[in-house]
Each structure stands twice: as structure tokens, then as C-alpha cells.
Amino acid sequence: MGNAFYLQNVLGGLAHGSLLFLIAAGFTLIFGLMRIINLAQTAFYLLGAYVGLSLGLHGVNFWVSGLAGGIVATVVGLAIYGIFLHRYHANPLTALLLSLGFALIIDDGSLAIWGGDPQSIAPPKVFAASIHFGNLVFPEYWLALVVVSTVIAAGLLLFQRRTKFGAIIRAAVDDEEMTRGLGINVNRAFYFVFALGAFLAGLGGYLGGPITSAYPGLDGELLPLAFAIVIIGGMGSLEGAFIASMLIGLVNTFGRALFPELSYFTIFLPVAIIMAIRPQGLFGRKT
Amino acid sequence: MSVAAVPDPRSSIEVCLQLSGVSKRFGNLHVLDDVALCVRHGERRGIIGPNGAGKTTLFNVIAGELAPTSGNVHLYGREITRLPPHARARLGLARTFQTTTLLPGLTVVENLVLSLQALTSTPFQCFVPRTHYRGFREEALRLLRQVQLDHCADWLVRALGHGEQRQVEILMALAQRPKLLLLDEPTAGLSAADAVLVTDMLRAYHRDVAMILIEHDLSVVFNVVERITVLHYGRVVAEESVESIHGNPVVQEIYLGGKL
Amino acid sequence: MTGRPWSNVAIIGALLLLAIAIPRLGLPAFYVSLLTQTWIYGILAMSLDLLVGFTGLVSFMQAAFFGIGAYVVAIAATRYHFTDFWLTLLIAILVAAVTAAAFAALALRAEDVGFIIITLALNEIIWGLAYQWVSMSGGDNGITGFLRVDVGPFHTTGNAGFYYLSLTALIVCLTLLTLIVRSPFGLVLVGARERPRRMAALGYNVWLFRYLALIVAAMFAAVAGVLFAYYNEFVGPGSLSLDTTVQILIMVILGGTGTLIGPLLGAGILVFLSNALSDITQRWVLILGAVYVVTVMYAPDGIVGLVKQLAARARSRHALAPAAGSMPSAALNPREGPER
């Protein structure tokens, strides 16, 4: 186990963390603003992966396919929010239970359309090669994914901090009633954030596809990781979600390499301990 | 400077509740500022003050739902500053909430039984049917008869009127056999007739229980209590007997000569 | 309880006789085994409803205790050649209770939504062990190579024998749970669900009662797990996966929270529908999802709630008195008043 081993796993972990962030960002934003835990978030990921896959098989450009995956997830997400979830604002538990139903429906619907076999997604041709660096071999695409995800994270943070709409969202997170009282249309922010969350997850599904591939049940496997991220990062904190995603990605990758029998344990035991010591998460604020 | 808890002429009577230097801050907001309060055994105390004076926060600090930022709270000489609400209840503290807080899906009698059982070991009985404990039910019915509510003993609480619910809540608090009862606006939102019901019920109760009353309706306060503490922006600005409070210039200024 | 006790006794007696007679009615063995599954999942779903419906704790870790029960059987039999039914059952219940004691302490640090997230994470710890600790749990392949054991009069190798064992276990668990929810302890759980602040002000240590409820529920889940392992003569990580959690949650909600018959009914519906529908269509999960969504939105008290509503409507044509309360459910309805 030389340096190459560590570097390889660091890169793999960051790449894994990058795709996790695309799921967790929406998860944490939606919760932060609306107190809704959207259990369909990873189903959006799966949906995005499959939609992109179908387009990619027809020769559509990788990034365009990814965007299309994101857009379809957005449309489905908006339908779910606009028709159903938005009614249950005052009752987060019902919203959570409902989102669970939609996760089942999306999961089984995808199975009906795309079948049960795992399908791999090829990385875009530009990044299809592997980089050789001494003993070290890793796909270029890993690097590309880390870069894309980091850029998106930075963009989201800038949006949240620097734009007027971002300010409205922050205000609504702090005090929804007061924000409403100022005559600001908070509902529009709700729709926007839910759509954004679904879009990021759908996009992430195809972008992460070369790493996770796509198969029924993938959403169920990713959901606990998304939960772990928001526990560590703190519910509603974007930068927390980013750091925690990378952390979980690294722990997961190293865990698999070092303790293949206990890698899951290595993620969730720290999560449980963090929960016990700081229920609001490492980066979360006490509410 | 805060007004000290002035020893009153009845100082030979045991102290029930003693607050010293109690402050509560939320961020930069001083909701309570160096509050001192001394309530004696069996005393009836009113706490008045304009909205936002910190009255409910004060109750929450006394009842244990909020920890004070500084200062301490004693109940019959025992420090309770850091005790959780249920432990304080076990030491003889009971309360009602600003908005009636009952168990709306349970029957009236079940609500009272919950209160009667609270300090016994019965709640840990998990294989004996509730119907086995007839004593609690009979005691609950006896309490309900006192306020002529026994006819709705088996109604769901949510089927009762506002005034009746408030009466049940006070009964529940009294069923705990407290030494100190905190009443947060017991007549708020009640019709004049219902308010009289509640006021009479409080006046009629025996003198072993100290009561602290937050109330907007000053006629209720004057009817029930003998001493009044005035809170203003989280500070105690006056403490007087009911007879002399009218003449207090600070109080007149706060209330702008309006209601007093 | 209220109502007409004698007709209730008659109904229960008739159902019981029917349940006892079923294996002798010449039904295909397939249906007997579906009913066996229903009894086992029924125990599990009722244990979850003690938390969701009665205590107001939506726990996502109940599958973990089910799985613990199952794995104790398999590991004891295959690794330690330990096959005594009663001792295995006792160990399974104890292991589940001890795990629950630790997990509940962590989970109860948070409330509401936070509680859900932590319990899900804790469930994943157990799942991760079952899935990845191959040398102990057999990993994804699970554990086979252990057999049903005869228990007292029940020759469990036969379909009917195992059916009666499960039915007996169900009746025992249902009786115990009924006693619990009708006991003073059960009343405190409902109180803690509806108005925790009020309960604390009365002197109840709400945390302690929730903690005890989590442990008690875990013990019942372990009983179901033990039966499940023997029934299949196989244990795999699927038994404690998120899928199982979701399934039993749907059983509870579909049947009706805050009741014990509801979850049993829900278990039956899921077991039978999954088999009946999967003969007709492959999309039964999709249909289930849709039914579930409709239930959550329009019948939050589940089937039992619907039936109660219809019965109340029929009764109200005769009298207009306020209904006397039995156990309220409505765990999923918005709380009344401004609590929390």
C-alpha cells in the first residue's frame, strides 16, 4: 500500500463524493427551506441516469443527455411537488411518507421502462482515457466529475449568497412568516428550490452513471448515504453538504479498500456518534 | 437596578418559590433581566405587564422548559434551576398553558387519570388493563363533580367548550396536588360567563397551594391574588399588594392611567 | 372497552376458529403459507405501530430488530450448532432489546424528522453488518443450512405445523400488545404522542416512556424475525433492508395507525397482493405505491379508520351524542393546536 494506493482512493473518494453532493445538495436545500424530507431524491437520480442513458444510446452528446436527465427529473419533481407535496407544508411527516410513495412509483416505473439489468454508462469521449502517473492509474473522468461538482457547489453558494433570489430563500429559511409578511412570494421560492433539487439529482444521475451505473434499487442504496451527509453536514447547510459529501465519499472508498467487511459500519458508526454529540450536525445551526 | 424581593410582613411563612438574579437572553435580546421573585407558601401572586414583558418566558423558566442564562430558581429551599420539567412536577409544581393544552383525543376522565397517576408507579404497569384501576377513575369523577362536569366524563376532550376545557386543565393541574400552581392567562379567550367560572374555581381552592397568575384581565387578577409583581421589558419594576398597586406611579405610567 | 362486548367476543371467536380451521379446509398449501407469512409480518407491523401509531415515533429502524432476530437464529444454528428454540428465541429477544437500548438512546436525541433520519442511519449500521461482514453473516448470500425445529406440539417441518406455530405466536403477541396499549403505560404513550409538553408538566418523563416503548417494540420485532428465519430456513440482508422498513411502514399506514388490527390487516393485504398481483402484472409495486399515496392523502387512518368512519356515520343516524373515546389514532393527522 504505497502512495499510489492512497492517491487512487483519494481521487476515487472525491469522485464518489461529487456525485453524492449532487443528490445531497437538493436534499438539504429542500429540507432547509420547506422542512420536507424528500425520500424521492435518489429516485430522481435514478430517473436522470436512465433518461440520459436512453439518449446517450441514440448518440446524443454526453452533457446534453445529462442535462436532459436533469430536466426530466425536474418536470417529474415539479409535478410531485405541485400536485401533492405542497399541500403538506404544515405536516412534514405526511410529506415524508408521501415522498416515499413516489420513490416507489418512480423506482418501479423505471424498472418497467428500462428493465432490471444493471446498465453501465460510458463517460464522454473527451475523458474516456485513463491517466497513468507512475503506479497510479485512474480514469480522467473522475477528475472531470470532481471539477464539475465543485463548480456547481460554488455556483450554488454564489447564487445563495449574492443574488436577490438567493437572499429571499435565505430569509425564508430563517423566518418564513416574516418573509411572507414583507410581501415576498415565498411559494415561488418553494417551487424553485424543489425543482432545483430534482434537477441536480437528475443531472447527477447521468454524470455519476459512469461510476455507479444504473439499476433498480440504486436509489435505495444511495438514500442512506444522502441521509448520512445531511446528518454530518447539518440540515439545510450547503457548504456542510459539500464537505460531508466529500468526507462520506472518501470514508466509503477507503472503507471498502481497507475494511471490506465493515465499510458500511465505518460510515454509519461515526454518523451515529456525531448525531449523539451534535444532533444539529457538524455544520448545522441549532434550531 | 432590580427591585429586590422585599421581605413582607408575613415573613415567618415558609418561602415557596424564590428566583434570584434570573436572566434569559435570546441572542442579543434580554427577555428577562435580573429578575428576583419570592412567593410564599399558599400565596396568590399576580404577574402583570404589557405584551412582551417576558411573563410567559418567566413561567417557562420556572417550569423548566427554558434554562435561564444566569441566576437560579429554588422551590421550597431546593435548587431546581437545572431540573427538567417532569422532575419539577414531581417536586410539586404544576402549570397550565396559555393556550389550553389537554390531550384532545382522550376522554375527560382519561386526562384527569393521567394527572392523578403521574406521581405513582401505576404508569409503568404495562400488562394490567386501565379499567382495573377504579380508584383513579372515581377520584377523577369526584373532581369533575366539584365543577359540575361529571356528566361529560366520558366525552372526548375536544367535544367540550372552551371554558370547560380550561376548567379541565386547571383540574388536571390541581389533581397533581401541587404546592405551586402556575396559571398562564387562565381566562384568556373565554366568554365573560366562562371567565367567572374559572375565577370562582381558583378563589374557592384551599390555601395550601400557592398560585402565580399571569393575566391580562386585571379584574381577574384583583379578584384572585393578593400581591402583584409588575414586569416591564423583562425587569421587575414593582411589587405591591393589590390595595396599594393603584397608587404606584411606575405602574400608572406603564399602563398610562388606562385600565387601573 | 366501549360498544357491544359480547358481539366483539363472538367475532373474535369466529375469526379464531376460522384461523385454526384453515389448514384443514383443503386450501392449496400456497395459501396456507401466505397466511403464515401474514401472521409473521403481522407481528412485525404491530410492533412498528406501537411506535408509529401509539407513541408517535416514526421509527425507520424496526427492520433492524427483525433482522437481528432472524440472524440470531441462523448464526446460532450454523456457527454454534445451537438449535434449542426457546433459548434461541430468548437470546434473540435479548440481543434486540440491548441493541434497541443503545440505538434508542441515540435516536431520542432528536425529535420528529431528525428522529427518522437517525433511525434510518442506525438501521443501515445493522444492514451494513449483514451485507458486508461476510465471515459472520454470509454477506449478500445470507445464511442457509439450518432447519426448522419442532416446538412443543408443533411439527414445524410441515406447512400446517409452522402455520400453527406462527398463529400461536401472533395470538400471544397480539394479546400482550393489546394489554400494553390498554394499560396505564399505553395511555402514557398516547399522551406523550399527543402532548409531550403537557405530559412533562404532569411529571411524566416523556423521554423514558419513549425509550421503553422503543425497547419493547424491538423485542416483538425480534420474535417475528425468529419465526421468519425458521419459516424460510434462510436469512439474508434483505430482511433488514430499507425495503423491509418501507414495507412494514406501508402495512401499518394502509391498515390503520393507532390500532393493532390495522397493521395485521395491512400485513395480509401486502402479502396477498404481492403474490396475487405479481401473477397478473409485474407492476405491483407501482400499484402499491399509488394505493399508498392515496391512503396517506385521503385516508390517513387507513382501512380501519375508514371502517370506523362508516360505522360512526351509520350510528349517528340513530343518535347524536358525542362519541365516547376508545383509543384515538390520527397519528398522521396534523396535531391539533400549536404544540411544538
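Residues numbered from 1 in each chain as written. Chains lettered and ligands numbered in written order. Predicted model: local features only at pLDDT ≥ 70, side-chain atom pairs only at ≥ 80, totals over all residues. Heavy atoms only, no water.

Peer 1: For this particular structure, what's the right way to read the overall build of chain B?
Peer 2: A tally of regular secondary structure across chain B gives nine helices and ten strands. The C-alpha radius of gyration of chain B comes to 19 Å, within 12% of the 18 Å expected for a compact globule of 260 residues. Projected onto its principal axes, the C-alpha coordinates of chain B cover approximately 55 × 40 × 40 Å. The buried share of chain B, taken over its 260 residues, is 54%. Looking at chain B alone, contacts between residues at least 24 apart form 68% of all its contacts between residues at least 6 apart. Charged side chains of chain B number 26 positive and 26 negative; the gap between the two group centres comes to 6 Å. (Helix = DSSP H or I, 4+ residues; strand = E, 2+ residues; numbered from the N terminus. Rg over C-alpha atoms; globule rule 2.2 N^0.38 Å. Buried < 20%, exposed > 50% of the residue type's maximum accessible area, 1.4 Å probe, protein only. Contact = heavy atoms within 4.5 Å. Lys, Arg positive; Asp, Glu negative; His and termini not counted. Charge placed at Lys NZ, Arg CZ, Asp CG, Glu CD.)

Peer 1: Looking at this model, I keep getting lost on the arrangement of the chains. Mind explaining?
Peer 2: Most contacts, when the two pairs of chains in contact are compared, are made between chains B and C. Separated throughout, chain A and chain B approach each other most closely at a C-alpha pair spaced 12 Å apart.

Peer 1: What is the right way to read the interface of chain B and chain C from this model?
Peer 2: Interfaces are frequently sized by the accessible area removed from exposure as the parts join. If you look at the interface, chain B gives 42 residues, while chain C gives 36 residues. For the pair chain B and chain C, the summed buried area comes to about 3,200 Å², and 64% of that belongs to carbon and sulfur atoms. It is H86, F127 and R130 of chain B in chain B that bury the most area against chain C; as a group they hold 20% of the surface buried on that side. The tally of links between chain B and chain C comes to two salt bridges. Counting the contacts that link chain B with chain C gives 17 residue pairs in polar contact (both at pLDDT 80 or more). Breaking the side of chain B that touches chain C down by element, the ones donating at least two residues are α2 (85-90), β6 (93-96), α3 (108-117) and α5 (162-175) of chain B. (Buried area = accessible area lost by both parts, 1.4 Å probe. Salt bridge = Lys/Arg side-chain N within 4 Å of Asp/Glu carboxyl O. Polar contact = N/O pair within 3.5 Å; in protein donor to acceptor, adjacent residues only side chain to side chain.)

Peer 1: When you look at the pairing of strand β3 (residues 44-48) of chain B in this model, what are you seeing that I'm missing?
Peer 2: Taken residue by residue, a regular strand's side chains alternate between the two faces of the sheet. Residues and elements named next belong to chain B. Counting buried positions along β3 yields five of five residues, so the element is predominantly enclosed. Both faces of β3 are covered, namely the face carrying R44, G46 and I48 and the face carrying R45 and I47. Inspection of the sheet shows β3 paired to strand β8 (residues 210-214) by four bridges, in the parallel sense. Each bridged residue has a counterpart across the sheet, and for I47 the counterpart in β8 is I214. With four bridges joining them, β3 and strand β9 (residues 227-232) adopt parallel strand pairing. Following the sheet pairing, I47 is matched in β9 by T229. (Pairing = 2+ DSSP bridges.)

Peer 1: It is not clear to me how a nonpolar patch on the surface should be interpreted in this structure. Could you clarify?
Peer 2: All names here are of chain C. A cluster of nonpolar residues, I11, L15, L18, L25, L27, F30 and Y31, forms a patch on the protein surface that exposes about 680 Å² of accessible area. At the level of elements, α1 (5-21) and α2 (29-55) are the ones that each hand at least two residues to the nonpolar patch. The element best represented in the nonpolar patch is α1, accounting for three residues. Within the secondary structure, I11 is located in helix α1. (Patch = residues over 30% accessible without salt bridge, like charges linked within 9 Å, V, L, I, M, F, W, Y side chains within 5 Å. Areas by Shrake-Rupley, 256 points an atom, 1.4 Å probe, with all protein chains shown as cover.)

Peer 1: Quick question: what am I supposed to make of the interface of chain C and chain A here?
Peer 2: Each side of the interface is counted separately: chain C has 40 residues, and chain A has 42 residues. Taking both partners together, chain C and chain A bury about 3,600 Å²; carbon and sulfur atoms supply 77% of that area. Among the residues chain C hides against chain A, the three largest losses belong to I117, Q132 and M297 of chain C. Together they make up 18% of the total. Viewed at the interface, chain A and chain C are joined by one salt bridge. In this structure, R283 of chain C and D108 of chain A form a salt bridge, with 3.0 Å as the shortest nitrogen-oxygen distance.

Peer 1: I would appreciate a short explanation of the confidence of the model for chain C in the present structure.
Peer 2: Detail in the predicted coordinates should be disregarded across regions flagged by low pLDDT. Residues and elements named next belong to chain C. Across chain C, the average pLDDT comes to 86, with 91% of residues at 70 or higher. Put simply, helix α6 (residues 134-137) is where chain C has its lowest mean pLDDT, 82, and helix α10 (residues 206-232) is where it has its highest, 96. Between residues 320-331, whose pLDDT stays under 50, and residues either more than four places distant or in other chains, the model counts 33 contacts. Contacts from residues 333-340, a stretch scored under 50 in pLDDT, to residues over four places away or in other chains number 21 contacts. The ipTM assigned to the predicted complex is 0.87, against a pTM of 0.87. (pLDDT = per-residue confidence, 0-100.)

Peer 1: Help me understand the side chain of T119 of chain C in this model?
Peer 2: Structurally, T119 of chain C can be placed in helix α5 (residues 112-132). Dropping the residues within four chain positions of it, T119 of chain C is found in contact with V58, S59, F60, M61 and A107 of chain C.

Peer 1: Mind showing me how you'd approach the side chain of K24 of chain B here?
Peer 2: All names here are of chain B. Tracing the backbone shows K24 in strand β1 (residues 15-26). Buried K24, no salt bridge; nearest opposite-charge side chain is E65, N-O distance 11 Å. Reaching out from K24, the side chain makes a polar contact with the backbone oxygen of A67 at a distance of 2.8 Å. Leaving out residues up to four positions away in the same chain, K24 has contacts with L29, H30, V31, L32, T57, A67, P68 and T69.

Peer 1: When you look at the sheet that holds β3 of chain B in this model, what are you seeing that I'm missing?
Peer 2: The strands that make up a sheet pair up through hydrogen bonds in the backbone, lying either parallel or antiparallel. Residues and elements named next belong to chain B. Spatial strand order, β6-β7-β8-β3-β9-β10: six strands in an open sheet with mixed pairing. For this open sheet the edge positions go to β6 and β10 (235-241), each flanked by a neighbour on one side alone. This sheet shows a mean twist of 20° between the axes of neighbouring strands, independent of strand direction. Here helix α1 (residues 55-63) sits on the sheet and contacts β3, β6, β7 (180-184), β8 and β9; the angle it forms with β7, its principal contact strand, is near 150°. Packing of α5 onto the sheet brings it into contact with β6 and β7, and relative to β6 it is tilted by some 175°. (Axes fitted to C-alpha atoms, helices over the stretch in contact; angles between N-to-C directions.)

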